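Residue-level structure breakdown
Chain residues, written in single-letter form:
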Amino acid sequence: MTWAPHVTVATIIERDNRFLMVYEEADGKKVYNQPAGHLDPNETLKEAAIRETLEETGWTVELTGVVGVNLYTAPSNGITYFRTTFIANVVSHDAARTLDTGIIEAVWLTYEELLARKDQLRSPMTLQIIEEYLAGRRFPLNVVG
């Protein structure tokens with residue numbers, strides 16, 4: 001059997017009741033998502049989360065915990081994603097940094113603003129994991145090797 005899920009990471013960063021999100025073009029649509037991406041060869045999940053957040057937002061972050069590990073099969077392509085979502089605090093921002101291809105901008109949105117954009121979220125997991133975070137779902141960072 002050659003099937004294998006795509007290993008991805010995402011990061012929830014909350015500051016002043018706002019979440020750091022990326023506004024990006026994906027599959028021909030403009031959508032909102034957490035800073036997220038694929039695990040690269042010879043990289044840990046933690047390193048991937050820090051790297052993807054920087055590449056997509058210009059923010060350097062410090063990981064503080066984990067919200068969860070989720071599976072999601074995208075109806076558009078049938079790919080299953082195995083996603084670890086981290087919690088992080090901002091350390092610094094490089095406003096001059098060029099963001100990854102496809103990223104329009106990094107934005108800070110409240111939960112209510114995300115609800116108002118529900119139809120523009122990249123996947124149902126985008127809002128689901130924030131709601132789990134807001135409900136207090138937290139695991140220590142050392143749960144991930």
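Worth saying up front: this structure is predicted, and the values here are computed from it rather than measured.

1. Points about the packing of aromatic side chains
- Counting across every chain of the model gives three aromatic pairs.
- A ring pair is formed by F19 and Y133, whose centres lie 5.9 Å apart and whose planes are at 80°; its orientation type is edge-to-face. With F19 in strand β2 (residues 18-26) and Y133 in helix α3 (residues 124-134), this residue pair connects regions lying 114 residues apart in the sequence. Per residue, the accessibility class of F19 equals that of Y133, and both read buried.
- Sitting over the ring of W108, R15 keeps its end group 4.5 Å from the ring centre.
- The lysine or arginine in question, R138, covers the ring of Y133, its NZ or CZ lying 3.9 Å from the ring centre.

2. Digging into a nonpolar patch on the surface
- Nonpolar side chains collect at one region of the surface, where V7, V69, L71 and F82 lie side by side and expose about 330 Å² of accessible area between them.
- You can see L71 is positioned in strand β5 (residues 59-73).

3. Focus on the pairing of strand β6 (residues 80-93)
- With eight bridges connecting them, strand β1 (residues 6-15) and β6 associate as parallel partners. Directly across from A10, in β6, lies its bridge partner T85.
- The pairing of β5 with β6 spans 13 bridges and is antiparallel. Bridge pairing in β6 places G65 opposite I87.
- Count of turn residues in the β5/β6 antiparallel hairpin: six residues, of which G78 carries a positive phi of about 75°.

4. Regarding helix α1 (residues 45-57)
- With 13 residues, α1 extends 18 Å between its outermost C-alpha atoms, agreeing within 8% with the 18 Å of an ideal straight helix rising 1.5 Å per residue.
- By the burial criterion, the buried members of α1 are A48, A49, R51, E52, T53, E55, E56 and T57.
- Next to the buried residues of α1 lie β1, β2, β4 (36-38), β5, β6 and β7 (103-109).
- Phi for G58, located one or two positions after α1, is positive at around 85°.

Scoring rules and cut-offs
Residues numbered from 1 in each chain as written. Predicted model: local features only at pLDDT ≥ 70, side-chain atom pairs only at ≥ 80, totals over all residues. Heavy atoms only, no water. Phe/Tyr/Trp six-rings, centres within 6.5 Å; stacked < 30°, edge-to-face > 60°. Helix = DSSP H or I, 4+ residues; strand = E, 2+ residues; numbered from the N terminus. Buried < 20%, exposed > 50% of the residue type's maximum accessible area, 1.4 Å probe, protein only. Lys NZ or Arg CZ within 6 Å of the ring centre and 35° of its normal. Patch = residues over 30% accessible without salt bridge, like charges linked within 9 Å, V, L, I, M, F, W, Y side chains within 5 Å. Areas by Shrake-Rupley, 256 points an atom, 1.4 Å probe, with all protein chains shown as cover. Salt bridge = Lys/Arg side-chain N within 4 Å of Asp/Glu carboxyl O. Pairing = 2+ DSSP bridges. Expected span 1.5 Å × (residues − 1). Contact = heavy atoms within 4.5 Å.

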